[in-house]
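Coordinate inspection notes
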Amino acid sequence: LPLAPIEKDQFEFSWKPGGKWGITLDLTSRAQNEVLPREELAAGLTYQLTPRFRFGGGVTLKGDSLASSFSSPGANFKDDVSETTVRVESAFSF
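Summary of the structure given here. These numbers were taken from a predicted model, which means no experiment stands behind them. (Residues numbered from 1 in each chain as written. Predicted model: local features only at pLDDT ≥ 70, side-chain atom pairs only at ≥ 80, totals over all residues. Heavy atoms only, no water.)

**Some words on the environment of Ser93**
- As for its placement among the helices and strands, Ser93 is situated in the segment after strand 5 (83–92).
- Its relative accessible area of 43% is what places Ser93 among the partly exposed residues.
- As a C-alpha pair, Ser93 and Arg52 span 41 residues in sequence and 4.7 Å in three-dimensional space. (Helix = DSSP H or I, 4+ residues; strand = E, 2+ residues; numbered from the N terminus. Buried < 20%, exposed > 50% of the residue type's maximum accessible area, 1.4 Å probe, protein only.)

Quick look at the structure:
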């Protein structure tokens, strides 16, 4: 296992368009390594129900080449190289 830090490029975008909705988009590209996937794309959506409670969810795609996976999804998402995660969340503030 590599002990040195893994080089990465990251883009994070968070937008709350005036109302109670919030949108996030995260793109991460890492140097080739044995532990983490080379590319990761995460998108999320939240809704602020009250000032103290919000809920939402998101989807994360991980793999060695997401650009090629999107160009031919039928062929590339069938192998074990790509991984998809779905998350549902809620948050309370006290």
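Next comes the rest of the write-up.
**Overview of the pairing of strand 2 (residues 21–30)**
- Direction of pairing for strand 1 (residues 8–15) relative to strand 2: antiparallel, over a ladder of 8 bridges. Opposite Glu12, over in strand 2, you have Asp26 as the bridge partner.
- The hairpin formed by strand 1 and strand 2 contains 5 residues between the paired strands, and Gly18 there has a positive phi angle of roughly 80 degrees.
- Pairing analysis gives 9 bridges linking strand 2 to strand 3 (residues 39–50), with the strands arranged antiparallel. Bridge assignment links Thr24 to a residue of strand 3, and that residue is Gly44. (Pairing = 2+ DSSP bridges.)

**With respect to the pattern of salt bridges**
- Within the structure shown, the criterion is met by 3 salt bridges.
- Measuring nitrogen to oxygen at the nearest pair gives 3.0 Å for the salt bridge that ties Arg30 to Glu40. In this pair, Arg30 sits in strand 2 while Glu40 sits in strand 3, placing the two residues 10 residues apart along the sequence.
- Across the pair Glu89 and Arg87 runs a salt bridge, and its minimum N-O distance is 3.2 Å.
- Classification of Arg87 by relative accessible area gives partly exposed; the value is 38%. (Salt bridge = Lys/Arg side-chain N within 4 Å of Asp/Glu carboxyl O.)

**Quick notes on a nonpolar patch on the surface**
- A surface patch of nonpolar side chains, amounting to about 660 Å² of accessible area, comprises Phe11, Phe13, Trp15, Trp21, Ile23, Leu27 and Leu45.
- At the level of elements, strand 1 and strand 2 are the ones that each hand at least two residues to the nonpolar patch.
- Looking at where Phe11 falls in the secondary structure, it is placed in strand 1. (Patch = residues over 30% accessible without salt bridge, like charges linked within 9 Å, V, L, I, M, F, W, Y side chains within 5 Å. Areas by Shrake-Rupley, 256 points an atom, 1.4 Å probe, with all protein chains shown as cover.)

**Overview of the packing of aromatic side chains**
- If you walk through the whole model with that rule in mind, you get 4 aromatic pairs.
- Between the aromatic rings of Tyr47 and Phe55, the centroid separation amounts to 6.0 Å while the plane-to-plane angle is 55 degrees, which identifies the pairing as tilted.
- Here Phe55 falls in the partly exposed class, since its relative accessible area comes to 39%.
- With a centroid separation of 4.8 Å and 35 degrees between ring planes, the pair formed by Phe53 and Phe92 is classed as tilted. Taken as a pair, Phe53 in strand 4 (residues 53–63) and Phe92 in strand 5 lie far apart in primary sequence, 39 residues in all. (Phe/Tyr/Trp six-rings, centres within 6.5 Å; stacked < 30°, edge-to-face > 60°.)

Nothing here speaks to function; it is all geometry.
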